[in-house]
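Structural features, examined
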Amino acid sequence: LVPAFRAEERQFALLTQLAGRASREGHGARVLFQTWDPGTRAIAHARRHDVAGFLRDELERRRALGYPPFGRLVRVLVSAPQDPLELLAAIAAEVRPALDGDAVLGPAPLVRLRNRERVHLLVKTERPRRAAAELGDALARHARVLRRAGASAVVDVDPQSL
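Figured I'd write up the structure that's included with this text. Computed from a predicted structure; not experimentally measured.

Comments concerning the packing of aromatic side chains
All told, the structure shown has two aromatic pairs when counted by the stated rule. When the ring of Phe 5 is compared with that of Tyr 67, the centres are 4.8 Å apart and the planes differ by 5°; the resulting orientation is stacked. Placement of the pair is Phe 5 in the segment before helix H1 (7-25) and Tyr 67 in the loop between helix H3 (51-65) and strand S1 (72-80), with a sequence separation of 62 residues. Phe 5 gets classed as buried once you look at its relative accessible area, which sits at 4%. Judged by relative accessible area, which is 6%, Tyr 67 ranks as buried. With a centroid separation of 4.3 Å and 5° between ring planes, the pair formed by Phe 12 and Phe 54 is classed as stacked. Taken as a pair, Phe 12 in helix H1 and Phe 54 in helix H3 lie far apart in primary sequence, 42 residues in all. Using a relative accessible area of 2% as the deciding quantity, one classes Phe 54 as buried.

Re unusual backbone geometry
Omega for the bond connecting Pro 68 with Pro 69 falls within 30 degrees of zero, at 10°, which places this linkage in the cis form. Inspection of the secondary structure assignment puts Pro 69 in the loop between H3 and S1. Cis geometry marks the peptide bond from Gly 106 to Pro 107; its omega dihedral reads 15°. Non-glycine residue His 49 carries a positive phi angle of around 50°. Considering the arrangement of structural elements, one finds His 49 in the loop between helix H2 (41-48) and H3. Judged by its relative accessible area of 47%, His 49 falls in the partly exposed class. Despite not being glycine, Asn 115 shows a phi value in the positive range, around 60°. Residue placement: Asn 115 occurs in the loop between strand S2 (103-113) and strand S3 (116-125).

Calculation notes
- Residues numbered from 1 in each chain as written.
- Predicted model: local features only at pLDDT ≥ 70, side-chain atom pairs only at ≥ 80, totals over all residues.
- Heavy atoms only, no water.
- Phe/Tyr/Trp six-rings, centres within 6.5 Å; stacked < 30°, edge-to-face > 60°.
- Helix = DSSP H or I, 4+ residues; strand = E, 2+ residues; numbered from the N terminus.
- Buried < 20%, exposed > 50% of the residue type's maximum accessible area, 1.4 Å probe, protein only.

Okay, here's the thing in structure tokens:
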């Protein structure tokens, strides 16, 4: 699976918000987090309410991995009544050479939604228009196969969630 790169950010925000609310309710409030992994960055920083430290670490991680704001993302989401993984894998194999220098992650399966299987592909790039155009062209070339499979496809530049 392709991980949601904003997951730790959301976790940190929720934990600090919860702790902030608890401390406003009364004096001497104490917040307990139950977790399998208490050593995660988000929990360690939330424990100390270290917003600046979390942001510094998160930006370093994103820079190293090429995630926003230091890189751009283009996502392709394909859904169909039957598993479209092979379909998207063929499209990914076709566009990888054209996206030379860009990281093509996936395809990876997602949870079934409204009786449709879903898979997605993520491209980390410095040239999102070019990547979106290449992916759109590849989807157009595979339109007949996608239609026969009852599949739909969406290309999303800078997706807010994965």
